Amino acid sequence: MTVRLHWFLPTGGDGRTLVDRHAYGSNIGRETRGLRTPGIEYLAQIAKAAEQLGFEAVLTPTGTWCEDAWLTTVALAQHTERLKFLVAFRPGLLSPTLAAQMAATYQRLTRGRLLLNVVTGGDSAEQRRFGDHLDHDRRYERTDEFLSVVRGVWRGEPYDFHGAHYEVDGGLTSLPPDPVPEVFFGGSSQAAGPVAARHADVYLTWGEPPAQVKEKIDWIRSLAEREGRTVRFGIRLHTISRDSSADAWSTANRLLDDLDADTIAAAQAALGRSESVGQRRMLDLHGGSRDQLEIYPNLWAGVGLVRGGAGTALVGSHGEVADLIEEYHALGVEHFVLSGYPHLEEAYWFGEGVIPELAARGLLTADTASRTTGRPAPILVARGR
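What counts, and at which threshold
Residues numbered from 1 in each chain as written. Predicted model: local features only at pLDDT ≥ 70, side-chain atom pairs only at ≥ 80, totals over all residues. Heavy atoms only, no water. 1 Å grid on protein atoms, 1.4 Å probe; cavity = no way out; pocket = protein on both sides within 12 Å on 5 of 7 lines; lining within 4 Å. Points joined across faces, edges and corners; volume = space filled by probe spheres on them. Helix = DSSP H or I, 4+ residues; strand = E, 2+ residues; numbered from the N terminus. Nonpolar A, V, L, I, M, F, W, Y, C, P; charged D, E, K, R; others polar. Axes fitted to C-alpha atoms, helices over the stretch in contact; angles between N-to-C directions. Parallel < 35°, antiparallel > 145°, perpendicular 65-115°, else oblique. Contact = heavy atoms within 4.5 Å.

Looking at this structure, I do not really get empty space enclosed by the protein. What am I missing?
Which parts of space are left empty comes out when a probe the size of a water molecule is rolled across the atoms. Evaluated as defined, the whole model comprises 2 cavities of 30 Å³ or more. Of the pockets and cavities examined, the largest cavity occupies roughly 60 Å³. Taken together, Trp-70, Phe-89, Ala-99, Ala-100, Ala-103, Leu-116, Val-118, Leu-147, Val-150, Trp-154 and Val-183 form the lining of the largest cavity. Listed by contribution, the elements that provide at least two residues to the lining of the largest cavity are helix H3 (96-110), strand S4 (114-118) and helix H5 (136-153). With 3 residues, H3 is the largest single contributor of residues to the lining of the largest cavity. Put simply, the second largest cavity is a space of about 50 Å³. In terms of lining residues, the second largest cavity is bounded by His-238, Thr-239, Ile-240, Leu-255, Trp-300, Val-303, Ala-313, Gly-340, Tyr-341 and Glu-346. If one sorts the elements of the lining of the second largest cavity by residue count, strand S9 (residues 232-242) sits on top with 3 residues. Across the lining of the second largest cavity, the residue classes tally to 6 nonpolar, 3 polar and 1 charged.

Take a look at the structure:
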């Protein structure tokens, strides 16, 4: 098992700080210092950089605060050659048969560069903006049915499904996707686990300390075994990697400079209303305090003071960041979905600093290593930490 690296597309806006970086939402109507709006030109810069640096794919988020992931990424496919797109979308907001058809069309238009990130949704207020009024557990029930229909329709012959949320008669995608897109799925609640076990190709967790990640891996692996399936694992993290550890931590601390007590308190209050178990686990890592944000060696929880979702970052020298990636990899994590502020510059810091470290340790595929270093990948045994 090699390390597979992915980057992130900031389709809600980008910038040099943790606050005021979104082009939508609370920033509408007022000037925002250093905001980079998510125009196609800027997003194409990030996508091209990710492709050049050796990332396999880029994750594109979903929500009312960002651009539509399907439309944005199919446009960016025209600016790249081999980069894949991990398209996040919310089941229940469109027909599963239509989603299956869209995925099949996407694969043909991009020559097989689609990956799917299924986001059930942990915030009822956000779901209601889309007209969705199901509660947390029923959303996962619907996701279970949704993915059953999608996979059934991809078989290329009429498919019937009769459930609590969907009634499909003769569902069909006349030309199934080739290849069938891998399905990435995350969720930390008891309602999420069985859905992941039945449908996910890759179970994606946010960046908790290794011991907690291992608990999740063991949990999902055991559920999948009961279903007669094997699930692979990925992790979603930010990254601040520099030539020295001191420089990296200086950058992390600079990101805190814009965060006053009122900003943090307001963000924590809003995030605390989320129904997401994963979000609550992120909040528990720091408790809303700026003290002791290094919750594990080179794992920093500062992002989660004001940002929902992935709230931790790999921080350190290129070698230290590679060490922690290797530690997660030893637990069974294969996919690393990374990001940083701003996303263009941080892609280069990681791509030019950490990726060669991973290649030297024999953790990357031969193709990724050769494109990154310009040399064939060494034949090495990956060491533990």
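We are not done yet, so read on.
Explain the packing of helix H1 (residues 40-53) against helix H12 (residues 343-360) here, please?
If you want to describe how two helices pack, look at the angle between their axes and the distance between the axes. One way to put it is that H1 packs onto H12 with a least axis distance of 9 Å and a crossing angle of 5°. One way to sum up the angle between H1 and H12 is to call them roughly parallel. Residue-level contacts link Tyr-42, Gln-45, Ile-46, Ala-49, Gln-52 and Leu-53 of H1 to His-343, Leu-344, Ala-347, Tyr-348, Gly-351, Glu-352 and Ile-355 of H12. For the contact of H1 with H12, the class distribution of residues is 8 nonpolar, 4 polar and 1 charged.

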